Amino acid sequence: MLVEVCANSLESALIAERAGADRIELCSELAVGGLTPSYGLLKAVKKQLSIPVHVLIRPRSGDFTYTEKELEIMLTDIALCQDMGFDGIVSGSLSNDFNLNMEHMLRLKSASGDLKFTFHRAFDWVADPVKAMKQLENLEVDYILSSGQRKSAEEGIELLTDLNEKTTTLQIMPGAGIKGDNIGLFVERGFKVVHLSGTEMIKTLHKAPNVSMNSVDFLSDDHISVSRLEHITTVVSKVK
């Protein structure tokens, strides 16, 4: 079984390689489901790791419904990964009715060229998972990362198994909540690849700071944070 580790830093990536992981999915900001890593992190990981690395292409948190400008950013990031010699891309795009955005997917897949392509956990939002899987097969996507449309892959194992039995060309990659005490379930069901982060929270400060830099107001699946013209012009007009 191939083990893919979602690494959110150079340290995590190096630890995963040392632990025997077969492949890295490189991202930042696990708290929001992952975002595209910085150029600095890409460069460091490319220099210091020897195992294959697939890069998450996701320009912001929130939903998976992207504007044309956001899509152009994603395509630019894919081109960078091509130039740097990475092994794969992890991405995806939906329409606001929870179907695949096929126009976007064609462009993302085409831009990826010969790189391996994983459709990420946006799959857990699709209205018809079997239909979506067939569409992704037609696009020649290599992997679908999914928790079986549940909070964890263990809870969603029946859908994951059904998809795994129906697929003909791609591989279903269970992810979310994979750990040592439940990995046997996925081995028994015949999955060929699994995905986990294997993380734990490590305390770095002796005491909590007086002001938190985390804000729950920005954490949403069905809203995104966008600067408002009138909010800014009001301030500018009063100081200029």
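Before going into details, it helps to say that this report is about the structure given with it.

Now for the pattern of salt bridges. Taken as a whole and assessed by the stated rule, the structure comprises twelve salt bridges. Put simply, Glu68 and Arg107 hold a salt bridge, and the shortest N to O gap is 3.0 Å. Residue Glu68 is located in helix 3 (residues 68-84), and its partner Arg107 is located in helix 4 (residues 102-112); the two are separated by 39 residues in the primary sequence. A residue is classified by how much of its surface remains accessible, and Arg107, at 26% relative accessible area, is partly exposed. Close ionic contact of Glu72 with Arg107 constitutes a salt bridge, the shortest N to O distance being 2.9 Å. Taken together, the residues span a long stretch of sequence, with Glu72 in helix 3 and Arg107 in helix 4 at a distance of 35 residues. Sharing partners across several salt bridges, the network here consists of Glu68, Glu72, Glu103 and Arg107.

What follows is about the packing of helix 3 against helix 4. Working note: a packed helix pair is described by the angle between its axes plus the distance between those axes. Close contact between helix 3 and helix 4 brings their axes to 9 Å; oriented N to C, the two are set at 20°. Taken together, the axes of helix 3 and helix 4 are roughly parallel relative to one another. Crossing of helix 3 against helix 4: the hand is right-handed. Taken together, the residues of helix 4 that come into contact with helix 3 (itself represented by Glu68, Leu71, Glu72, Met74, Leu75, Ile78 and Gln82) are His104, Arg107, Leu108, Ala111 and Ser112.

Attention now moves to helix 6 (residues 157-166). Buried residues of helix 6: Ile157, Leu160, Thr161 and Leu163, and no others. Buried residues along helix 6 cover an arc of 165° about the axis, so they all sit on one side. Of the exposed residues in helix 6, the ones pointing more than 90 degrees away from its buried face are Glu158 and Glu165. In the core, the buried residues of helix 6 are packed alongside helix 5 (129-138), strand 6 (143-146), strand 7 (171-174) and helix 7 (183-188).

The full count for this structure, using the stated rule, is four aromatic pairs. Judged by centre distance (5.0 Å) and plane angle (70°), the rings of Phe64 and Trp125 are edge-to-face. Taken together, the positions of Phe64 in the loop between strand 3 (53-56) and helix 3 and Trp125 in the loop between strand 5 (116-119) and helix 5 put the pair 61 residues apart, joining distant regions of the chain. Aromatic side chains Phe98 and Trp125 sit 6.2 Å apart centroid to centroid with 75° between the ring planes, which places their arrangement in the edge-to-face category. Pair noted here: Phe98 is in the loop between strand 4 (88-91) and helix 4 and Trp125 is in the loop between strand 5 and helix 5, with a separation of 27 residues, a long-range link. For Phe98, a relative accessible area of 41% translates into the label partly exposed.

How each quantity is defined
- Residues numbered from 1 in each chain as written.
- Predicted model: local features only at pLDDT ≥ 70, side-chain atom pairs only at ≥ 80, totals over all residues.
- Heavy atoms only, no water.
- Salt bridge = Lys/Arg side-chain N within 4 Å of Asp/Glu carboxyl O.
- Helix = DSSP H or I, 4+ residues; strand = E, 2+ residues; numbered from the N terminus.
- Buried < 20%, exposed > 50% of the residue type's maximum accessible area, 1.4 Å probe, protein only.
- Axes fitted to C-alpha atoms, helices over the stretch in contact; angles between N-to-C directions.
- Parallel < 35°, antiparallel > 145°, perpendicular 65-115°, else oblique.
- Left-handed = near helix turned anticlockwise from the far one by under 90°.
- Contact = heavy atoms within 4.5 Å.
- Arc of directions from axis to C-beta.
- Phe/Tyr/Trp six-rings, centres within 6.5 Å; stacked < 30°, edge-to-face > 60°.

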